[in-house]
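Here is what each chain is made of, one letter per residue.
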Amino acid sequence: MNEQKEIRIIKKYPNRRIYDMEESRYITLSEVKQMIIENVEFKVVDAHSKKDITRNILLQIIIDQESEKDPLFSTENLQRFIRYYGGNQNQHFSNFLNQSLAFFQQQQEHFQSRMNEMLDQNPLNFWSNVGQQNMQMWQKMQQDWFSSLARHENKKEED
């Protein structure tokens, strides 16, 4: 059975208010941002024209975020983005950004997963495992060094 996820519909009215159809209430851009963080799939439509304006709302959230004290994009990066509009590299740049962000997200999820695994362990077991791994690495390094030294000595004797 193929279960398709319903896309949440949000309407934007001319008075700039945003209405969540699922919850039957007006919401703020901060609440839309929270939906994004929680991976809620939604679509924003203009209440009168029925036009999909999701991108406009997402850009508005980005503008609000960028106006705060720790912007994600430098002025130089924003200028570069603008230069790519209308150029023949537009699609390549978009694909590059999509792949880079997807890779970054995978790495973050992997890191978070590893951290959770580490924190779920008993701290004494964790440090015991780290010590054991370090000891094994040290022993292998010593063995390699002694093997290298023995080969060197054997080669000297043959000469």
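Before reading further, recall that the structure is shown in the block above.
From a predicted model like this one, the values you see are computed outputs, not experimental measurements.

## A few points about the overall build of the chain
In step 1: The secondary structure content of the chain amounts to five helices and four strands.
In step 2: The helix and strand sequence of the chain, counted from the amino end, reads β-β-β-α-β-α-α-α-α.
In step 3: Referenced to the eigenvectors of the C-alpha coordinate spread, the extents of the chain come out at roughly 90 × 45 × 45 Å.
In step 4: Out of the 159 residues in the chain, the part that is buried amounts to 13%.
In step 5: Considering only contacts within the chain whose residues lie at least 6 apart along the sequence, 42% involve residues at least 24 apart.
In step 6: As displayed, the chain offers around 14,000 Å² of accessible surface, 52% of which is attributable to carbon and sulfur atoms.
In step 7: Across the chain, the centroid of the 20 positively charged side chains sits 8 Å from that of the 23 negatively charged ones.

## What about the packing of aromatic side chains?
The way to describe two aromatic rings as a pair is by their centre distance and the angle between their planes.
In step 1: Applying the stated rule across the entire model yields five aromatic pairs.
In step 2: Taking the centre distance of 6.4 Å and the plane angle of 65 degrees together, the rings of tyrosine 13 and tyrosine 26 count as edge-to-face. Of the two residues, tyrosine 13 sits in the loop between β1 (8–12) and β2 (18–20) while tyrosine 26 sits in strand β3 (residues 25–27), which places them 13 residues apart along the sequence.
In step 3: Taken together, a centroid distance of 5.3 Å and an interplanar angle of 75 degrees make the contact between phenylalanine 73 and phenylalanine 81 edge-to-face.
In step 4: Accessibility expressed as a relative area gives 21% for phenylalanine 81, which makes it partly exposed.
In step 5: For the cation-ring pair, arginine 17 lies above tyrosine 26, with the distance from its terminal atom to the ring centre recorded as 3.8 Å.

## Here we look at unusual backbone geometry
In step 1: Positive phi is not limited to glycine here, since arginine 16 has a value of about 75 degrees.
In step 2: Relative to the elements of secondary structure, arginine 16 occurs in the loop between β1 and β2.
In step 3: Arginine 16 sits in the exposed class, given a relative accessible area of 63%.
In step 4: The phi dihedral of asparagine 39 falls on the positive side, at around 60 degrees, and the residue is not glycine.
In step 5: Inspection of the secondary structure puts asparagine 39 in the loop between α1 (29–37) and β4 (42–46).
In step 6: Asparagine 39 sits in the exposed class, given a relative accessible area of 58%.

## Some remarks on the nonpolar core
In step 1: Membership of the largest hydrophobic core is limited to 11 residues, which are Ile10, Ile18, Ile27, Leu29, Val32, Met35, Phe42, Val44, Ile53, Ile57 and Ile61.
In step 2: With three residues, the single largest contributor to this core is α1.
In step 3: Contact partners of methionine 35, with chain neighbours within four places excluded, come to Arg8, Ile10, Ile27, Val40 and Phe42.

## Comments concerning the pairing of β1
In step 1: What you see with β1 is a clean split: Arg8, Ile10 and Lys12 sit on the buried side and Ile9 and Lys11 on the side with no burial.
In step 2: Alignment of β1 against β4, held across five bridges, turns out to be parallel. Residue pairing for β4: arginine 8 is matched across the bridge by phenylalanine 42.
In step 3: Two strands pair when backbone bridges link them, and β1 and β2 are joined in this way by three bridges, in the antiparallel orientation. When the sheet's bridge partners are listed, isoleucine 10 is paired in β2 with aspartate 20.
In step 4: In this structure, the hairpin formed by β1 and β2 is closed by a connection of five residues, where arginine 16 is found at a positive phi of approximately 75 degrees.

Conventions we followed
Residues numbered from 1 in each chain as written. Predicted model: local features only at pLDDT ≥ 70, side-chain atom pairs only at ≥ 80, totals over all residues. Heavy atoms only, no water. Helix = DSSP H or I, 4+ residues; strand = E, 2+ residues; numbered from the N terminus. Buried < 20%, exposed > 50% of the residue type's maximum accessible area, 1.4 Å probe, protein only. Contact = heavy atoms within 4.5 Å. Areas by Shrake-Rupley, 256 points an atom, 1.4 Å probe, with all protein chains shown as cover. Lys, Arg positive; Asp, Glu negative; His and termini not counted. Charge placed at Lys NZ, Arg CZ, Asp CG, Glu CD. Phe/Tyr/Trp six-rings, centres within 6.5 Å; stacked < 30°, edge-to-face > 60°. Lys NZ or Arg CZ within 6 Å of the ring centre and 35° of its normal. Core = buried A, V, L, I, M, F, W, Y, C linked by side-chain atoms within 4.5 Å. Pairing = 2+ DSSP bridges.

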